[in-house]
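Structural overview
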Amino acid sequence: MKKISKNKAVVVIRGAGDLASGVAYRLYKSGLDVIMTEIERPLVVRRTVSFAEAVYEGNVTIEGIEAGLAGSVEGALSLLEKKVIPVLVDPAAAVVKDARPAVVVDARMAKRNLDTTIGDAPLVIGLGPGFTAGVDVHAVIETCRGHRLGRAIYSGGAIPDTGAPGAVDGYTLERLLRAPVDGVMAPRCSIGEQVEKGDVVAYVETTPVYAEMTGMVRGMLKEGLWVPKGTKIGDIDPRQDAEYDTISDKALAVGGGVLEAVCHFLNSNQ
């Protein structure tokens, strides 16, 4: 593996959803420069804790950390100078070749490796299933809820995708809101709002989406996005103490695993 310079520990994070934002938070707080990439119209559900929201709003602040939409690599580097996390609309991650970061983190949560290679940077990290440490990345971070959540894996891969979300207070699939048809999504409730089982929480075109459980709407796609049938458009949290405007325990645990892997490789390349 190529040597990482402590003086140039720039990290490119592919994806800027809630888990990617937890990673960015941990790394930013630890003094690293972070650049994030996104698609043109991010399908981000937990928008209040996702730096991807900067694509739509221009700027967003999460737990005191500001992110801003950058129009170019030069613009991204300028934002870094201002201690702002740049978010680039750059699906192919051209910034990796242009900025030559020390670390690349694939946080797109595709459950498979789309195009990341171990040669993309001196240190390449993949979140969740679809990556193999020592083959297409240097380290994998476990994203499955449970005892292994947030562990850095240096040989092998994460727990395979189960096709179902981790249980929260015993609820799994009931927590998810999915598009019943192809079409444009229109919310009928806000993030943070309490809903009852059976409430209409959104429409896709003229088809209603019903809450399958009682709880708090913790995430909802941005209004006006076109989505294919089956797309996750929101989620409900059953917990009485659930928070929607702070980074989740899961995202922080995953971010901690990434931070461990970065420090491990930095310290092993002295």
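Model, not experiment: these values are computed from the prediction. (Residues numbered from 1 in each chain as written. Predicted model: local features only at pLDDT ≥ 70, side-chain atom pairs only at ≥ 80, totals over all residues. Heavy atoms only, no water.)

Brief notes about the sheet that holds strand S3 (residues 59-62)
Here nine strands make up an open sheet; going across it, the order is S3-S4-S5-S2-S1-S6-S7-S8-S9 and the pairing mixed. Where the open sheet ends on each side, the last strands, each with one partner, are S3 and strand S9 (152-153). (Pairing = 2+ DSSP bridges. Helix = DSSP H or I, 4+ residues; strand = E, 2+ residues; numbered from the N terminus.)

Details of the environment of Val 84
Tracing the backbone shows Val 84 in the loop between helix H3 (73-81) and strand S5 (85-89). C-alpha of Val 84 to C-alpha of Gly 130: the two residues are 46 residues apart in sequence and 31 Å apart in space. Ignoring any residue separated from it by four or fewer positions in sequence, one finds Val 84 in contact with Glu 66, Ala 67, Gly 68 and Leu 79. (Contact = heavy atoms within 4.5 Å.)

Some points on the sheet that holds strand S16 (residues 226-227)
Taken in spatial order, the four strands line up as S14-S13-S11-S16 in an open sheet, and their pairing is antiparallel. Whereas interior strands pair on both sides, the edge strands pair on one side only; in this sheet they are strand S14 (207-210) and S16.

Let's talk about the layout of surface pockets
Gaps left between atoms show up when a probe the size of a water molecule is rolled over them. Roughly 1,500 Å³ of volume is contained in the largest pocket. The wall of the largest pocket is formed by 46 residues, among which Asp 18, Arg 108, Met 109, Lys 111 and Lys 232 lie closest to the centre. For the lining of the largest pocket, the secondary-structure elements that each account for two or more residues are helix H1 (18-29), strand S2 (33-38), strand S10 (176-178), strand S17 (232-237) and helix H5 (249-268). At three residues, H1 tops the list of elements feeding residues into the lining of the largest pocket. (1 Å grid on protein atoms, 1.4 Å probe; cavity = no way out; pocket = protein on both sides within 12 Å on 5 of 7 lines; lining within 4 Å. Points joined across faces, edges and corners; volume = space filled by probe spheres on them.)

Considerations on the confidence of the model for the protein chain
Of the residues in the protein chain, 96% reach a pLDDT of 70 or more, and the chain-wide mean stands at 93. For the stretch residues 2-7, pLDDT sits under 50, and the model shows 17 contacts to residues farther than four places along the chain or on other chains. (pLDDT = per-residue confidence, 0-100.)

Here we look at the pairing of strand S6 (residues 103-106)
Across the two faces of S6 the burial is the same, with Val 103 and Val 105 and Val 104 and Asp 106 all buried. In the sheet, strand S1 (residues 10-14) pairs with S6 via four bridges, with the strands oriented parallel. Paired with Ile 13 across the bridge in S6 is Val 105. Alignment of S6 against strand S7 (residues 123-127), held across four bridges, turns out to be parallel. Across the sheet, residue Val 103 finds its bridge partner in S7, namely Leu 123. (Buried < 20%, exposed > 50% of the residue type's maximum accessible area, 1.4 Å probe, protein only.)

Structural notes on the domain arrangement of the protein chain
Considered domain by domain, the protein chain is made up of domain 1 (10-160 + 249-269) and domain 2 (176-237). Taking the mean C-alpha position of each, domain 1 and domain 2 sit 27 Å from one another. Taken together, the contact between domain 1 and domain 2 spans eleven residues of the former and 14 residues of the latter. Both faces combined, the contact of domain 1 with domain 2 buries some 1,100 Å², and carbon together with sulfur accounts for 57% of it. Taken as a group, Leu 43, Val 45 and Arg 46 account for 53% of the area that domain 1 buries against domain 2, more than any other trio of residues on that side. Here domain 1 is connected to domain 2 by three salt bridges. Here Asp 235 makes a salt bridge to Arg 46, at a shortest N to O gap of 3.0 Å. Our count for the contact surface shared by domain 1 and domain 2 stands at four residue pairs in polar contact (both at pLDDT 80 or more). Of the residues contributing to the side of domain 1 that touches domain 2, the split by class is five nonpolar, one polar and five charged. (Domains from an automatic or database assignment. Buried area = accessible area lost by both parts, 1.4 Å probe. Salt bridge = Lys/Arg side-chain N within 4 Å of Asp/Glu carboxyl O. Polar contact = N/O pair within 3.5 Å; in protein donor to acceptor, adjacent residues only side chain to side chain. Nonpolar A, V, L, I, M, F, W, Y, C, P; charged D, E, K, R; others polar.)

What about the nonpolar core?
Ranked by size, the top nonpolar core spans 42 residues in total, and within it Ile 13, Met 36, Phe 51 and Ile 125 carry the most contacts. Among the elements that take part in this core, H5 stands out by supplying seven residues, more than any other. With residues up to four places along the chain from it excluded, the contact list for Phe 51 reads Ala 16, Ser 21, Ala 24, Met 36, Val 60, Ile 62, Ile 65, Ala 67, Ile 85 and Val 87. If you look at the next biggest cluster of nonpolar residues, it comprises 23 residues, including Ala 99, Ala 121, Ala 133 and Val 137. (Core = buried A, V, L, I, M, F, W, Y, C linked by side-chain atoms within 4.5 Å.)

Side note on the pattern of salt bridges
Taken as a whole, this structure holds eleven salt bridges when the rule is applied. The closest approach of N and O atoms between Asp 115 and Arg 14, which form a salt bridge, is 2.8 Å. In this pair, Asp 115 sits in the loop between S6 and S7 while Arg 14 sits in strand S1, placing the two residues 101 residues apart along the sequence. Look at Asp 115 and you get partly exposed, because its relative accessible area is 40%. Between Glu 57 and Lys 222 there is a salt bridge whose closest N-O contact spans 2.9 Å. Note that Glu 57 is positioned in helix H2 (residues 54-57) and Lys 222 in the loop between strand S15 (215-220) and S16, a separation of 165 residues in sequence. On the accessibility criterion, Glu 57 (47% relative accessible area) is partly exposed.

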